[in-house]
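Inside the fold
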Amino acid sequence: MSLTLQVMLGMGLGIVVGLVFNAIGSDFIAEHVTGGLFAMLGKMFVNALKMLVVPLVVFSLICGVAGIGDIRALGRVGGKSFALYLATTAIAIAVAIALALVVGPGIGFDMAGVDTSGVTAKAAPTVWDVFAAIVPTNPIAAFAQGEMLQIIFYVIVVGVAALMLGEKSSGFVAACEYMNELMMKVVQIVMAFAPIGVFCLIAKTFAEQGIELFLPVLAYVLTLTAALLIHLFGTLMLILRALSGLNPLVFMRKIRPAQVFAFSTASSNATIPVTYRCVTERIGADQSVASFTVPFGATINMDGTAIMQGVATVFLANVYGIDLGVGGYLTVIAMAVLASIGTAGVPGVGLVMLTMVLGQVGLPIEGIAIILGVDRLMDMIRTAVNITGDAVVSTIVAKGEGKLDMAVFEDPDAGVMTDEHLGIDPTAEAKLAGLAHPRPGE
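Residues numbered from 1 in each chain as written. Predicted model: local features only at pLDDT ≥ 70, side-chain atom pairs only at ≥ 80, totals over all residues. Heavy atoms only, no water.

1. A look at the overall build of the protein chain
Summing up its helical and strand segments, the protein chain has 20 helices and zero strands in all. Burial statistics for the protein chain: of 442 residues in total, 52% are counted as buried. (Helix = DSSP H or I, 4+ residues; strand = E, 2+ residues; numbered from the N terminus. Buried < 20%, exposed > 50% of the residue type's maximum accessible area, 1.4 Å probe, protein only.)

2. Topic: the packing of helix H9 (residues 218-244) against helix H17 (residues 375-400)
Where H9 contacts H17, the two axes come as close as 10 Å, and the packing angle between them is 5 degrees. Relative to H17, the element H9 is oriented roughly parallel. Residues Val-221, Leu-224, Thr-225, Leu-228, His-231, Leu-232, Leu-236, Met-237, Ile-239, Leu-240, Leu-243 and Ser-244 of H9 form the contact with H17, whose own contacting residues are Met-378, Ile-381, Arg-382, Val-385, Thr-388, Gly-389, Val-392, Thr-395, Ile-396 and Lys-399. A class-by-class count of the residues in the contact of H9 with H17 yields 14 nonpolar, six polar and two charged. (Axes fitted to C-alpha atoms, helices over the stretch in contact; angles between N-to-C directions. Parallel < 35°, antiparallel > 145°, perpendicular 65-115°, else oblique. Contact = heavy atoms within 4.5 Å. Nonpolar A, V, L, I, M, F, W, Y, C, P; charged D, E, K, R; others polar.)

3. Let's talk about the nonpolar core
Core analysis: the biggest nonpolar cluster contains 129 residues, and Tyr-220 and Phe-251 have the highest contact counts within it. Considering every element that reaches this core, the biggest residue donor is helix H2 (residues 27-68), with 16 residues. Contact partners of Phe-251, with chain neighbours within four places excluded, come to Met-237, Leu-240, Ile-283, Thr-388, Ala-391, Val-392, Thr-395 and Phe-409. With five residues, the next largest nonpolar core counts Phe-38, Phe-199, Cys-200 and Ala-203 among its residues. (Core = buried A, V, L, I, M, F, W, Y, C linked by side-chain atoms within 4.5 Å.)

4. Describing the pattern of salt bridges
A side chain of one charge can pair with a side chain of the opposite charge when the charged atoms of the two come close. Going through the model one piece at a time under the given rule, you end up with five salt bridges. Between Lys-204 and Glu-208 there is a salt bridge, with its nearest N and O atoms 3.2 Å apart. With Lys-204 and Glu-208 both in helix H8 (residues 194-209) and four residues apart, the pair spans about one turn of that helix. By relative accessible area, Lys-204 is classed as partly exposed at 25%. A single salt-bridge network, built from bridges that share partners, covers Arg-76, Lys-80 and Glu-401. (Salt bridge = Lys/Arg side-chain N within 4 Å of Asp/Glu carboxyl O.)

5. Focus: the packing of aromatic side chains
With the rule as written, the count across this model stands at eight aromatic pairs. Between Tyr-220 and Phe-315 the ring centres are 5.2 Å apart and the planes differ by 45 degrees, which places this aromatic pair in the tilted class. Taken together, the residues Tyr-220 in helix H9 and Phe-315 in helix H13 (residues 303-319) connect sequence positions 95 residues apart. Note on accessibility: Tyr-220 and Phe-315 belong to one class, buried. With 5.2 Å between their ring centres and 35 degrees between their planes, Phe-292 and Phe-296 make a pair best called tilted. In this pair, Phe-292 and Phe-296 both sit in helix H12 (residues 287-300), four residues apart, roughly one turn of the helix. Here the two residues Phe-292 and Phe-296 agree in accessibility, since each one is buried. Members of the aromatic cluster, connected to one another through ring pairs, are Phe-82, Tyr-85, Phe-292 and Phe-296. (Phe/Tyr/Trp six-rings, centres within 6.5 Å; stacked < 30°, edge-to-face > 60°.)

6. Quick word on the state of the cysteines
Summed over the entire model, instances satisfying the criterion amount to zero disulfides. Distance from the sulfur of Cys-63, which forms no disulfide, to the nearest cysteine sulfur (Cys-176) is 5.7 Å. (Disulfide = S-S within 2.5 Å.)

7. A few points about the confidence of the model for the protein chain
Mean pLDDT over the protein chain: 81, with 85% of residues reaching 70 or higher. Least confident of the elements in the protein chain is helix H20 (residues 428-436), whose mean pLDDT is 42; most confident is H9, at 93. (pLDDT = per-residue confidence, 0-100.)

8. A few points about the side chain of Asn-301
Mapped onto the fold, Asn-301 is located in the loop between H12 and H13. In terms of polar contacts, Asn-301 uses its side chain to reach the side chain of Thr-88, at 3.5 Å. Residues contacting Asn-301, with those up to four places away along its chain left out, are Tyr-85, Thr-88, Thr-89, Phe-296, Asn-386, Gly-389 and Asp-390. (Polar contact = N/O pair within 3.5 Å; in protein donor to acceptor, adjacent residues only side chain to side chain.)

9. A short note on the environment of Ala-194
Along the chain, Ala-194 falls in helix H8. Residue classification places Ala-194 among the buried residues on the basis of a relative accessible area of 0%. Taking the C-alpha atoms as reference points, Ala-194 and Gln-6, 188 residues apart in sequence, are found 8.4 Å from one another. Non-local contacts of Ala-194, meaning those with residues more than four positions away in its chain, are made with Leu-3, Val-7, Phe-45 and Phe-261.

What follows is the structure, given as structure tokens:
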């Protein structure tokens, strides 16, 4: 059984168990099972994924820069991916706003019983602040705090410097290549526990949220879900087909494992190891491209989050009876694109970005309390959209640079992770036993 199928079974079982626990409503279950055991195992799994992110990005990116071997080619890869990420984010929020204006969620909404206390706004950064913050003042601090844009910038500078030193860097590059392979093996070890981790995360979410939270804001939930699915299966696949000529159906089958993990963790950053593996081993993009585009996209590409901001803005404007006009919605689009550049890919960050957007167009920040209850599940869906956008751009750039292995892309079994792929060398146990109990004369 493939790992993807195991994870999907774990996710399905988690939904069922979570809804059953929610219906039972037991304090013991809430405190010791979902809030205790499930929360602990789920958090351990997510922490293990996050544990991999920084070293994987560092070593894979250095190998990628060395693999490109040409600073001008690196500039092309960076320029193409940056332009595509911003373009897809702008298209995503524009589509979301258009759909929300047609559907009209929030019209006639009853604010009675909504607790709007405790919602605070975050100041919107200027475009100059966003780009200035890309350069770290302390690289060690950036590594420790997981500041992905700063890490990417610093590692690229180191990689370029290694290229400029030429043959002197051969030992350094070889060491990084070994560490990259080592980290991919650690990824496989962590992935072996994925079905359990996903089950616990999903069961906890549905046990705590239930179904009743969605009823008051059903129009918002349905509109947002429709906008996300339109972008996922429509816009992104059209862009992929138009710019690469590849088959979207094959692509969607290949990227499915990363989508499942993104849905489970609600974190683009935590999903980087799985996205990177799918893009390189399943889709066939060369690591010299994917090592740059995947972590870069997880940091600045927020298609799903931008869609949420567009729908939420229209929803709250209808709730409060405020007409934003064309200028207001253009401001929302610009703010969403800007905020996506400097915002980390972690759970719940969409709400932080939404406070910036609402503040810019004059909508009450307290309105976020209306959608707060359903945001966790919506966050899971939009994260799956985010990482799909990362993979689409990575594939397009790789194809354009001649760095996409079509034999891998067209092979349905390429990079499939089964139980055989998740273990260590099958002879390793025998070798270790031989070391522990040497034969006579050894």
